[in-house]
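# Results of the structural survey
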Amino acid sequence: VQLVESGGGLVQAGGSLRLSCAASGRAFASYAMGWFRQAPGNERDFVAVISWSGGSTYYADSVKGRFTISRDNAKSTVYLQMNSLKPEDTAVYYCAAKVEWVSTEKEEYDYWGSGTQVTVSS
């Protein structure tokens, strides 16, 4: 599975962005898909994950109520809608895929994209 993120950019605090992650390869619908982020000097942190069916989603406390993860299996794409952005959301955002069940642990993911930069100005 190859993953390519898009949709990052520069936005003012309070604004919105929608990230996309397009997958190529077989069996996209069998993968749980996650979003992680990494700010300079920090670890790569969990943001959100969605099950293969889209029926289950989980979020980091820091983004709950502001971010929404969704997927379109027909398009082999997962999205991250980010609203009410804050300067502390500034990071490189990565999508990742893992077989079967959802997880918040980055070590459990099998495939990663190269990331897209999100910068939120105050």
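The coordinates are above.
The shown structure was predicted, so the numbers you read here are calculated from the model rather than taken from an experiment.

For lysine 98, the location among the structural elements is in strand S9 (residues 91-99). We note that lysine 98 is buried and unpaired, the nearest opposite charge coming from glutamate 108 at a distance of 4.4 Å. Here lysine 98 is in contact with Ser30, Tyr31, Ala32, Ser103, Glu108, Tyr109 and Asp110, once residues within four sequence places are set aside.

To continue, consider the side chain of serine 76. Structurally, serine 76 is set in the loop between strand S7 (67-72) and strand S8 (77-82). Not counting residues within four places of it along the chain, the set of residues in contact with serine 76 comprises Cys21, Ala22, Ala23 and Phe28.

So, on to the pairing of strand S4 (residues 31-38). Judged by how many residues are buried, S4 sits mostly within the fold: 7 of 8 residues are covered. Sheet topology places S4 next to S9; 8 bridges connect them, and they run antiparallel. Each bridged residue has a counterpart across the sheet, and for arginine 37 the counterpart in S9 is tyrosine 93. Pairing between S4 and strand S5 (residues 45-50): 5 bridges, direction antiparallel. Residue pairing for S5: arginine 37 is matched across the bridge by aspartate 45. Taking the residues between adjacent antiparallel strands as the criterion, S4 and S5 are bridged by 6 residues, where glycine 41 takes a positive phi near 80°.

Glancing now at the pattern of salt bridges. Side-chain pairs of opposite charge can arise whenever the charged atoms involved come near each other. Considering all chains together, one arrives at 4 salt bridges under this definition. Put simply, lysine 64 and aspartate 61 hold a salt bridge, and the shortest N to O gap is 3.1 Å. For aspartate 61, a relative accessible area of 66% puts it in the exposed group. The partner of glutamate 107 in a salt bridge is lysine 106, and the shortest N-O contact between them spans 3.7 Å. On the basis of relative accessible area, glutamate 107 is assigned to the exposed category, the value being 60%. Within this structure, Arg37, Arg66 and Asp89 form a network of salt bridges that share partners.

Criteria and cut-off values
- Along every chain, residues carry numbers that run from 1 in the direction the sequence is written.
- In view of the model being predicted, local features appear only for residues whose pLDDT reaches at least 70, and side-chain atom pairs are presented and counted only at 80 or more, with totals across whole chains, interfaces and linings using the full set of residues.
- With hydrogens and water stripped out, all remaining heavy atoms of the structure feed into the side-chain values.
- A run of DSSP states H or I qualifies as a helix once it reaches four residues; a run of E qualifies as a strand once it reaches two. Both are numbered from the N-terminal end.
- Classification of residues uses two cut-offs on accessible area relative to the type maximum, computed with a 1.4 Å probe and protein chains only: under 20% is buried, over 50% is exposed, and between them is partly exposed.
- Only four residue types enter the charge count: Lys and Arg as positive, Asp and Glu as negative, with His and the chain ends excluded.
- Salt bridges, as used here, are contacts in which a Lys or Arg side-chain nitrogen is within 4 Å of a carboxyl oxygen on Asp or Glu.
- Whether two residues are in contact is decided by their heavy atoms, any of which lying within 4.5 Å being enough.
- If DSSP finds at least two bridges between two strands, the strands pair.

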